[in-house]
Amino acid sequence: MEDCLAKKMEITVSEAEKRTGRNAMNIQETYTAYLIETRAVESQSEGQCGPVESLWRRYSEFELLRNYLSVTYPHIVVPPLPEKRADFVWHKLSADNMDPDFVERRRIGLENFLLRVASHPVLCQDKIFYAFLMQEGGWKEMVNETGFQLKADSRLKALNATFRVKNPDKRFTELKHYSDELQSVISHLLRVRARVADRLYGVYKVHGNYGRVFSEWSAIEKEMGDGLQSAGHHMDVYAASIDDILEEEEHYADQLKEYLFYAEALRAVCRKHELMQYDLEMAAQDLTSKKQQCEELATGTVRTFSLKGMTSKLFGQETPEQREAKIKVLEEQIQEGEEQLKSKNLEGRDFVKSAWADIERFKEQKNHDLKEALISYAVMQISMCKKGIQVWTNAKECFSKM
């Protein structure tokens, strides 16, 4: 971790800007561009920093970067991007992806994504990622030249592997179930939080009504007027503080959403392992079949019914020369198949070793982050309750002085 890019470079997404331009289909569109600023830390001991470098990126370019990382490093739980469009939104807030508040939250999420990648011991060393931070022109062409799209597995192939693997790895099966459960639990938690926020909003707005009523009442009371006016003021201040509280609430929700999307990143690693296991089993099955064919040709016996065997019986047996030629071809294919199977076995073992090491790293990070998020949420709720108690304590003093 001492060599990770995050230790050597300050990375920020400092600004978001609404722009208008034409897309690949030459259609006018409005989009948001994000300013990435980087600055090399020249001497960590002295805290000296180099000049600031900056460039603009669209959300679609962040998506392209993440797709590249996911395909190039299939054994890694690649950090997720913040949502493109608002989901699990508390209904008083806008779900419009061009809404300034949403854009601001997404800006923070994109910065967090870059810092996650820059802190990862493997991803931080990727040249395409470094170019994303430093090279504005020609970056897309550089990514496409890697040919990563050709390595991407189709969803149909992945689904086929899921249902046809005969000997799945128990650890990855359990991890897949865990990621499904994690996503389900966090989704439910976000829905509950939205309902709590809605009720909280109602409580604060009712306090605003208290403030208005006390102020109106003070206008018709001479002796009680000052006390009622002061109590109304405390209620108004309390009601107005809801906006800052809800902003904190949304920050907490975004922390949870990151791990909602991390669940899909975990499943992607599991799917890749299933595909590798499926390819391995198919290669082993093909090798067994070729060995059986070779044995049948060598001994002249047929163990299983085949169209080829029936054709030989109906139209005459092959000559010894033809049989020898077929045996030779099969022996070459068997040798090639054994080498391929050995290579796939080694590749599979390396994948499992690397993937499990990264999964353990992810679990440690997840436990730390979710613990901090939940503690922060609890502290925020306690603080809100204390403010409420203080408001009513102040109101009590106002009433006592009447």
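Treat the numbers as computed from the prediction; the structure is a model and nothing was measured.

On to the overall build of the protein, then. Each helix and strand in the protein was counted, giving 12 helices and 3 strands. Out of the 402 residues in the protein, the part that is buried amounts to 39%. Within the protein, contacts between residues at least 6 apart in sequence are counted, and of these 74% link residues at least 24 apart. For the protein, the accessible surface area stands at approximately 24000 Å², while carbon and sulfur atoms represent 53% of it.

Here we come to the packing of aromatic side chains. Any aromatic ring pair is given by two values, namely how distant the centres are and how the planes are angled relative to each other. Here the structure, examined in full by the defined rule, presents 13 aromatic pairs. Where Phe172 meets Trp356, the ring centres are 5.2 Å apart and the plane angle is 70°; that geometry is what we call edge-to-face. Pair noted here: Phe172 is in helix 8 (residues 170-218) and Trp356 is in helix 12 (residues 320-400), with a separation of 184 residues, a long-range link. Ring plane angle 15° and centroid distance 5.9 Å describe the contact between Tyr210 and Phe214, whose orientation is recorded as stacked. In this pair, Tyr210 and Phe214 both sit in helix 8, 4 residues apart, roughly one turn of the helix. Counting every residue linked through ring pairs, the aromatic cluster contains Phe62, Phe113, Phe132 and Trp139. Across the ring face of Trp356, the terminal group of Arg171 is positioned such that the distance to the ring centre comes to 5.1 Å.

Quick look at the pattern of salt bridges now. Under the defined criterion, the tally for this structure stands at 22 salt bridges. The closest approach of N and O atoms between Asp358 and Arg361, which form a salt bridge, is 2.9 Å. Taken together, the residues Asp358 and Arg361, both in helix 12 and 3 residues apart, mark about one turn of the helix. Judged by relative accessible area, Asp358 falls into the buried class, the value being 6%. What you see here is one network of salt bridges that share partners, running through Glu83, Arg105, Arg193, Glu249, Glu250, Asp254 and Lys257.

Axis separation between helix 2 (residues 59-72) and helix 3 (residues 100-119) bottoms out at 12 Å; the angle between their running directions is 30°. Taken together, the axis directions place helix 2 and helix 3 in an arrangement best described as roughly parallel. As helix 2 packs across helix 3, the resulting crossing turns out to be left-handed. Every residue of helix 3 that contacts helix 2 at Tyr59, Phe62, Leu65, Arg66 and Leu69 is listed here: Arg106, Leu110, Phe113, Leu114 and Val117. Across the contact of helix 2 with helix 3, the residue classes break down as 8 nonpolar, no polar and 2 charged.

An ideal rise of 1.5 Å per residue puts 22 Å on 16 residues; helix 9 (residues 225-240) measures up with 22 Å between its terminal C-alpha atoms. Considered for burial, the residues of helix 9 that qualify are Gly225, Gly227, Leu228, Ala231, Gly232, Met235, Tyr238 and Ala239. Taken end-on, helix 9 shows its buried residues confined to a sector of 160°, consistent with a single buried face. Seen from the buried face of helix 9, the exposed residues on the opposite side, beyond 90 degrees, are Asp226 and Ala240. Along its buried surface, helix 9 packs onto helix 8, helix 10 (242-299) and helix 12.

The next point concerns the environment of Glu338. Within the secondary structure, Glu338 sits in helix 12. Its relative accessible area of 36% is what places Glu338 among the partly exposed residues. Residues Glu338 and Leu287 lie 51 residues apart in sequence; the distance between their C-alpha atoms is 7.1 Å. Setting aside residues no more than four positions away along its own chain, Glu338 makes contact with Leu287 and Lys291. Within the structure, the side chain of Glu338 is placed 3.3 Å from the side chain of Lys291, a separation counted as a polar contact.

Below, the discussion takes up the packing of helix 3 against helix 4 (residues 127-134). The axes of two packed helices give the description: the angle between them and the distance between them. Relative to each other, helix 3 and helix 4 sit at 140°, their axes nearing to 11 Å. Judged on the interaxial angle alone, helix 4 and helix 3 are oblique. The crossing of helix 3 and helix 4 is left-handed. Where helix 3 approaches helix 4, its residues Leu114, Val117 and Ala118 are matched on the opposing element by Phe129, Phe132 and Leu133.

What follows concerns the nonpolar core. Counting 41 residues, the largest nonpolar core has Val77, Phe172, Ile186, Tyr204, Val269 and Ile359 as its most contacted members. A total of 14 residues in this core trace back to one element, the largest contributor, which is helix 10. Tyr204 has contacts with Tyr238, Ala239, Ser241, Ile242, Ile245 and Met384, leaving out every residue within four places of it along the chain. Listed in part, the 34 residues of the second largest apolar core include Leu55, Leu64, Phe129 and Leu133.

What follows is about the confidence of the model for the protein. For the protein, the mean per-residue pLDDT works out to 86, and 88% of the residues sit at or above 70. Confidence, read as mean pLDDT per element, is least for helix 11 (residues 307-315) in the protein (50) and greatest for helix 4 (95).

A surface patch of negative charge is lined by Asp101, Asp243, Asp244, Glu247 and Glu248. Sorting elements by how many residues they give to the negative patch places helix 10 first, with 4 residues. Here Asp243 lies in helix 10.

Moving on to the side chain of Glu250. With respect to the secondary-structure elements, Glu250 resides in helix 10. What makes Glu250 buried here is its relative accessible area of 6%. Separated by 3.1 Å, the side chains of Glu250 and Arg193 make a polar contact.

Cut-offs used in this document
- Residues numbered from 1 in each chain as written.
- Predicted model: local features only at pLDDT ≥ 70, side-chain atom pairs only at ≥ 80, totals over all residues.
- Heavy atoms only, no water.
- Helix = DSSP H or I, 4+ residues; strand = E, 2+ residues; numbered from the N terminus.
- Buried < 20%, exposed > 50% of the residue type's maximum accessible area, 1.4 Å probe, protein only.
- Contact = heavy atoms within 4.5 Å.
- Areas by Shrake-Rupley, 256 points an atom, 1.4 Å probe, with all protein chains shown as cover.
- Phe/Tyr/Trp six-rings, centres within 6.5 Å; stacked < 30°, edge-to-face > 60°.
- Lys NZ or Arg CZ within 6 Å of the ring centre and 35° of its normal.
- Salt bridge = Lys/Arg side-chain N within 4 Å of Asp/Glu carboxyl O.
- Axes fitted to C-alpha atoms, helices over the stretch in contact; angles between N-to-C directions.
- Parallel < 35°, antiparallel > 145°, perpendicular 65-115°, else oblique.
- Left-handed = near helix turned anticlockwise from the far one by under 90°.
- Nonpolar A, V, L, I, M, F, W, Y, C, P; charged D, E, K, R; others polar.
- Expected span 1.5 Å × (residues − 1).
- Arc of directions from axis to C-beta.
- Polar contact = N/O pair within 3.5 Å; in protein donor to acceptor, adjacent residues only side chain to side chain.
- Core = buried A, V, L, I, M, F, W, Y, C linked by side-chain atoms within 4.5 Å.
- pLDDT = per-residue confidence, 0-100.
- Patch = residues over 30% accessible without salt bridge, like charges linked within 9 Å, V, L, I, M, F, W, Y side chains within 5 Å.
- Lys, Arg positive; Asp, Glu negative; His and termini not counted.
- Charge placed at Lys NZ, Arg CZ, Asp CG, Glu CD.

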